[in-house]
Amino acid sequence: LDGGMSLGVFMTSVAVYKKLAQVYTEFYSIFMAVSGSLGAFKKCVEAYNMETELKGRKELNRKRRAATHATRKEILGKIAGHQFSDTGAVVFRTDMIDIRL
């Protein structure tokens, strides 16, 4: 110090620089946290923008529904009324459709 600044001004300047350093440190830590998560965010964005398999699944679902409808119509035409199991429980005709994957 060359005597051109009073002790009060000097202490105030030190306090201001200390506060600026604290704010900068907090900003830097937040920036590093955001910067560290950008890679994961980029992967999420890429995944969300990928082509879906919806059209293929929709077509497959329609084929399965058509096959089920045809099989159900065939069973309903063959068997009249309700069927009964060995225990006497009612077996619905729709339940006689074989499950196929």
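None of these values were measured; they are calculated from a predicted model. (Residues numbered from 1 in each chain as written. Predicted model: local features only at pLDDT ≥ 70, side-chain atom pairs only at ≥ 80, totals over all residues. Heavy atoms only, no water.)

Undergrad: Honestly, the overall build of the protein chain in this entry has me stumped. Any pointers?
TA: Across its full length, the protein chain carries two helices and two strands. Helices (α) and strands (β) of the protein chain occur, in sequence order from the N terminus, as α-α-β-β. Computed over the C-alpha atoms, the radius of gyration of the protein chain is 37 Å, more than 25% above the 13 Å expected from 2.2 N^0.38 for a compact globule of 101 residues. Seen along its three principal axes, the alpha-carbon backbone of the protein chain occupies a region of about 110 × 35 × 15 Å. Burial analysis of the protein chain (101 residues in total) assigns 3% to the buried set. Working note: accessible area of the protein chain is about 9,700 Å², and carbon and sulfur atoms make up 62% of it. Between the centroid of the 16 positive side chains of the protein chain and the centroid of its 10 negative side chains there is a distance of 7 Å. (Helix = DSSP H or I, 4+ residues; strand = E, 2+ residues; numbered from the N terminus. Rg over C-alpha atoms; globule rule 2.2 N^0.38 Å. Buried < 20%, exposed > 50% of the residue type's maximum accessible area, 1.4 Å probe, protein only. Areas by Shrake-Rupley, 256 points an atom, 1.4 Å probe, with all protein chains shown as cover. Lys, Arg positive; Asp, Glu negative; His and termini not counted. Charge placed at Lys NZ, Arg CZ, Asp CG, Glu CD.)

Undergrad: How should I be thinking about the layout of surface pockets in this particular structure?
TA: Any empty space left between atoms is shown by rolling a water-sized probe over those atoms. Quantified by volume, the largest pocket comes out at close to 180 Å³. Along the walls of the largest pocket sit Arg64, Ala67, Thr68, Thr71, Ile97, Asp98, Ile99, Arg100 and Leu101, which together make up its complete lining. Here the lining of the largest pocket is composed, by residue class, of four nonpolar, two polar and three charged. (1 Å grid on protein atoms, 1.4 Å probe; cavity = no way out; pocket = protein on both sides within 12 Å on 5 of 7 lines; lining within 4 Å. Points joined across faces, edges and corners; volume = space filled by probe spheres on them. Nonpolar A, V, L, I, M, F, W, Y, C, P; charged D, E, K, R; others polar.)

Undergrad: Explanation requested: a nonpolar patch on the surface in the structure shown.
TA: A cluster of nonpolar side chains, Met5, Leu7, Val9, Phe10, Met11 and Val14, forms an exposed patch at the surface whose accessible area comes to about 540 Å². Along the chain, Met11 turns up in helix α1 (residues 7–48). (Patch = residues over 30% accessible without salt bridge, like charges linked within 9 Å, V, L, I, M, F, W, Y side chains within 5 Å. Salt bridge = Lys/Arg side-chain N within 4 Å of Asp/Glu carboxyl O.)

Undergrad: Honestly, the side chain of Thr71 in this entry has me stumped. Any pointers?
TA: Mapped onto the elements, Thr71 comes out in helix α2 (residues 54–78). Look at Thr71 and you get buried, because its relative accessible area is 19%.

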